[in-house]
Amino acid sequence: MTITLVCSRYPKKLLQYLQKEKDLEIVKTEEGIYYINGLDIPVQLILLHQLNRKKNLWLRSIGGRLSGWQEAEELIQEYKKHKKDERYRSVMNLIVRVNHDLFLEVKHMCQALEELMADELEAMRKSGWADGKKIGRREGIHSFAKLSQILLQQNRQKDL
């Protein structure tokens, strides 16, 4: 098990404290990824702003604002390959929420999102129709039963 700390800025004071006061070793393994050695549990430190953009597109994107519509476009293209995977959907939802203005601002992005979500939107539409039919049948049966009951009561009153 490894504890991972994710930061959008370099935690200079924290790392200085860990090195000087706790005598821990901070080892950079690649751009934006560090390990804090000397603890009982392995600790990984990820600095989102230092990560390689191409190699860590998804990880960089969840941490904050996208750099522009090109980066959003790259995400959408990558997402298309994995859109049936619940994990990718969850991450994409988070990224869109964090970058809501960007995705709404650029018409191109909105069109791409519509295309991207076409299958899901169609499935929701069909589900809505099916639910509506069920409710309609239930309401119709309920109304018919009430009407039948009223007519029976009226016929009984006539017979008396």
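Scroll up a little and you will see the structure.
Numbering of residues starts from 1 in every chain and runs along the sequence as written. At least 70 in pLDDT is required for a residue's local features to be given in this predicted model, at least 80 for side-chain atom pairs to be given and counted, and no such filter applies to totals for whole chains, interfaces and linings, which use all residues. Based on all heavy atoms of the structure, the side-chain values leave hydrogens and waters out of the count.

Novice: Which parts of the structure should I look at to understand the side chain of E71?
Specialist: Helix and strand labels come from DSSP, where a helix needs a run of H or I of at least four residues and a strand needs a run of E of at least two; each type is numbered from the N terminus. By the element assignment, E71 lies in helix α3 (residues 69–82). Discounting chain neighbours no more than four positions away, the residues touching E71 are R53, L57, R60 and L66. Contact definition: two residues touch when any of their heavy atoms are within 4.5 Å.

Novice: Quick question: what am I supposed to make of the sheet that holds strand β3 (residues 33–37) here?
Specialist: By way of backbone hydrogen bonds, the strands of a sheet pair with one another, either parallel or antiparallel. By definition, two strands form a pair when at least two bridges between them are found by DSSP. Here we have four strands laid out as an open sheet, ordered β1-β4-β3-β2, and mixed in their pairing. The sheet terminates laterally at β1 (3–7) and β2 (25–30), the two strands that pair on one side only. Within the sheet, the average angular offset between the axes of one strand and its neighbour, ignoring direction, is 25 degrees. In this structure, β3 lies alongside strand β4 (residues 43–47), joined through four bridges in antiparallel fashion. The residue of β4 that forms the bridge with Y35 is Q44. Lines fitted to C-alpha atoms define the axes here, with helix axes fitted over just the stretch in contact, and angles between the N-to-C directions of these axes take values from 0 to 180 degrees.

Novice: What am I meant to see in the nonpolar core here?
Specialist: The nonpolar side chains of a soluble globular protein tend to be buried, and buried together. In this text, buried Ala, Val, Leu, Ile, Met, Phe, Trp, Tyr and Cys residues form a nonpolar core when linked through side-chain atoms within 4.5 Å. Exposure categories follow from relative accessible area, calculated using a 1.4 Å probe and restricted to protein chains: below 20% of the type maximum is buried, above 50% is exposed, and the middle band is partly exposed. Among the nonpolar cores identified, the biggest contains 13 residues, and W58, L66, L75, I76, M92, I95 and F103 are the most heavily contacted of them. For this core, the secondary-structure elements that each account for two or more residues are α2 (57–62), α3, α4 (86–98), α5 (100–105) and α6 (107–159). In terms of residues, this core owes the most to one element, α3, which gives four residues. By size, the runner-up hydrophobic cluster in this structure holds ten residues, among which are L15, Y34, L45 and L47.

Novice: How should I be thinking about the packing of aromatic side chains in this particular structure?
Specialist: The pairing test for Phe, Tyr and Trp rings, Trp by its six-membered ring, is centres within 6.5 Å, and the orientation test on the planes gives stacked under 30 degrees, edge-to-face over 60, and tilted for anything in between. Using the criterion set out here, one finds two aromatic pairs in the structure. Between the aromatic rings of Y10 and Y34, the centroid separation amounts to 6.4 Å while the plane-to-plane angle is 70 degrees, which identifies the pairing as edge-to-face. Remark: Y34 occurs in strand β3 and Y10 occurs in the loop between β1 and α1 (12–20); sequence separation between them is 24 residues. Judged by relative accessible area, which is 42%, Y10 ranks as partly exposed. Under the relative-accessibility criterion, Y34 is labelled buried at 8%. Plain terms: the ring middles of W58 and Y88 are 5.2 Å apart, the flat faces sit at 90 degrees to each other, and that makes the pair edge-to-face.

In short, geometric facts, not functional conclusions.
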